[in-house]
Amino acid sequence: MPSQGTIGDRVRGLRLNRRMSQAQLAGPDLSDSYVSLIESGKRTPTPVVARLLAERLGCTTEFLLHGIEPRQRIDTELGLRHAELELQHGDPAVAAERFTEIVKAADEENAMLTAHARFGRARALEAQGRLGQAVEAFERLRREASAHPERLADLPLTVALSRCYQRAGDRLRARDLAAHALEQALKLSITQGEIAIDLAAAIVEARGELDEGSAAPAFVARVLDDNGVPDVVDRSGEIRTLWQASAAAAAGDDSALAVRLADDAITAGRSTRLALQLARTAMHWATLATTPVDEAEHLAREATRAFAATPDTTREHGEALIAHGRVRLRVADPARAGELASAALDLAHAAPHTVPAEAHLVLATVALDLGGDAAKHLNAARGLLETLDRPAFGSDRQAARCWRELGDLYGRVGDQGHQTAAYRKALEAAGVRSALAGLTVDASVSR
């Protein structure tokens, strides 16, 4: 376990354990007053002095400076990697527990390891949907990063916070944070790599709230252009094998090999994660009315191809099919739009998310465009959305969009009663609840 206290505390404790005076520890190279200043915390030994003191105190320089022996440090590094693998490819709740254990075991002398463990825990909370706790953790880390930039970078924290606030419904805060992150990214000319891809995804998740006069649309377009949507290769078997091998090496006391194998597993998963993040960005970008049709068609196809490559993204595969269907509606191709929506419906399997409802909304639009019966699809969409009227299921914001579209479509068929009810549901899903009591929503509410 890491030693508690400061460098000075460790120097003094080891000196007293060895029954040495300050003058004896100082020897011919240092003064006893300098040793006294180190022990009182008024001076920090240089690397050369730290090595000298460590030799005389019979410990490692690593222990003297960081309060942790090399074996303990490598075990902590291994713990961070296994927690990361649990977050990316296992159970986020278990990952949060492992990150928390590392935080508890570390101290202020190991601030960098602690900061990375706390960053991991915040991401694990986000992955569980515990957005309030995640925001609190990210905000605290961001405040500390401004004071200690050597521990954690501000930019990834800002991107993570923007994403969390967006999903929690605080769009103004999310937009401000995204603008700040974008300013940093543009200053550094970052358009490739994990940070740029995550930032583009956070920006485009806002969809209709993108400000065309800002640099955001151009940045997202540049990220998509520079990176494309790479082929997604399902490497889950390889990752699992490397992860298990790392655990076996750790059990056999070969910590250095265990760290190397864990790094290989993390690297194997990273390319897939970034490819899927680019696919999400492409999918959302394709649905924007401002995206040229040819570009939207290409991006929707690429996203569909990416999500179809792995069984873990069935829901997003359905979302991409629907996005492609909406592009076909833009070019007056309702027949193809209907085929894509039907394919998305076949993938949904009544799962608790908005994909089945969205598929029925597209099919209702197709029916209206072709002069068919849209009522059955509208009623099916309404029934599915009503089952999602709980915070545990998906995004309230996405549900709000669906309810609003449902209201628009009911308006097209002249059903004002259901149109009014759908608009009311859209307001509720968007968070406008407290002011709704006794309010009559006029059927002319529009986008």
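- The chain is annotated in an unreviewed UniProt entry as Transcriptional regulator with XRE-family HTH domain from Nonomuraea muscovyensis.

1. Structural notes on the overall build of the chain
And then number 1: Each helix and strand counted, the chain has 22 helices and 0 strands in total.
And then number 2: Here the contacts in the chain between residues at least 6 apart in sequence split such that 62% fall between residues at least 24 apart.
And then number 3: Taken as a whole, the chain presents about 21500 Å² of accessible surface, with 51% of it coming from carbon and sulfur.

2. Thoughts on the environment of Ile 190
And then number 1: Structurally, the position occupied by Ile 190 is in the loop between helix H11 (171-187) and helix H12 (194-204).
And then number 2: For the pair Ile 190 and Phe 219, spaced 29 residues apart in the sequence, the C-alpha separation amounts to 9.5 Å.
And then number 3: Among all residues touching Ile 190, those that are not within four sequence positions of it are Leu 155, Ala 185, Ala 196 and Phe 219.

3. Thoughts on the packing of helix H10 (residues 154-168) against H11
And then number 1: In contact at an axis separation of 8 Å, H10 and H11 are set at 155° when each is read in the N-to-C sense. The angle between H10 and H11 places the two elements in the roughly antiparallel class. Helix-helix and strand crossings are classified by hand; for H10 and H11 the assignment is left-handed. Here H10 contributes Asp 154, Leu 155, Thr 158, Val 159, Leu 161, Ser 162, Tyr 165 and Gln 166 to the contact with H11, which in turn contributes Arg 171, Arg 173, Ala 174, Leu 177, Ala 178, His 180, Ala 181 and Gln 184.
And then number 2: Residues of the contact of H10 with H11, tallied by class, amount to 8 nonpolar, 5 polar and 3 charged.

4. Let's talk about the packing of aromatic side chains
And then number 1: Under the definition given, this model contains 1 aromatic pair.
And then number 2: Seen in terms of ring centroids, Phe 119 and Phe 138 are 6.0 Å apart; in terms of plane orientation they differ by 65°. Their pairing is edge-to-face. Separated by 19 residues along the polypeptide, Phe 119 in helix H8 (residues 111-127) and Phe 138 in helix H9 (residues 131-147) bring together distant segments of the chain.

5. Regarding unusual backbone geometry
And then number 1: Even without a glycine there, the phi angle at Arg 19 is positive, about 55°.
And then number 2: With phi around 60°, Ala 332 is a residue other than glycine that occupies positive phi space.
And then number 3: Looking at the element boundaries, Ala 332 is found in the loop between helix H17 (314-330) and helix H18 (334-348).

6. A word on H9
And then number 1: The terminal C-alpha atoms of H9 lie 25 Å apart, and with 17 residues this matches the ideal 24 Å at 1.5 Å per residue to within 8%.
And then number 2: Within the span of H9, buried status applies to Leu 131, Ala 134, Val 135, Ala 137, Phe 138, Glu 139, Leu 141, Arg 142 and Ala 145.

7. As for the pattern of salt bridges
And then number 1: With the rule as written, the count across this model stands at 30 salt bridges.
And then number 2: Residues Arg 305 and Asp 231 are paired through a salt bridge, measuring 2.7 Å at the closest nitrogen-oxygen approach. Placement of the pair is Arg 305 in helix H16 (residues 293-307) and Asp 231 in the loop between helix H13 (216-227) and helix H14 (236-251), with a sequence separation of 74 residues.
And then number 3: For Arg 305, a relative accessible area of 30% translates into the label partly exposed.
And then number 4: Close ionic contact of Arg 336 with Glu 339 constitutes a salt bridge, the shortest N to O distance being 3.0 Å. You can see Arg 336 and its partner Glu 339 sitting in helix H18, 3 residues apart, about one turn around the helix.

8. A closer look at the nonpolar core
Most often, soluble globular proteins have nonpolar side chains that are buried together.
And then number 1: Of all hydrophobic cores here, the largest spans 40 residues; its most connected members are Leu 199, Ile 203, Phe 219, Val 220, Val 223, Trp 285 and Phe 307.
And then number 2: Elements supplying a minimum of two residues to this core: H10, H11, H12, H13, helix H15 (255-286), H16 and H17.
And then number 3: Here this core takes 9 residues from H15, the largest share from any one element.

9. Considering the environment of Ala 265
And then number 1: With respect to the element layout, Ala 265 can be found in helix H15.
And then number 2: Placed 20 residues apart in sequence, Ala 265 and Ala 245 show a C-alpha to C-alpha distance of 9.7 Å.
And then number 3: For Ala 265, the residues in contact, after removing those within four places along its chain, are Leu 85, Ile 239, Leu 242 and Trp 243.

Quick notes on the rules
- Residues numbered from 1 in each chain as written.
- Predicted model: local features only at pLDDT ≥ 70, side-chain atom pairs only at ≥ 80, totals over all residues.
- Heavy atoms only, no water.
- Helix = DSSP H or I, 4+ residues; strand = E, 2+ residues; numbered from the N terminus.
- Contact = heavy atoms within 4.5 Å.
- Areas by Shrake-Rupley, 256 points an atom, 1.4 Å probe, with all protein chains shown as cover.
- Axes fitted to C-alpha atoms, helices over the stretch in contact; angles between N-to-C directions.
- Parallel < 35°, antiparallel > 145°, perpendicular 65-115°, else oblique.
- Left-handed = near helix turned anticlockwise from the far one by under 90°.
- Nonpolar A, V, L, I, M, F, W, Y, C, P; charged D, E, K, R; others polar.
- Phe/Tyr/Trp six-rings, centres within 6.5 Å; stacked < 30°, edge-to-face > 60°.
- Expected span 1.5 Å × (residues − 1).
- Buried < 20%, exposed > 50% of the residue type's maximum accessible area, 1.4 Å probe, protein only.
- Salt bridge = Lys/Arg side-chain N within 4 Å of Asp/Glu carboxyl O.
- Core = buried A, V, L, I, M, F, W, Y, C linked by side-chain atoms within 4.5 Å.

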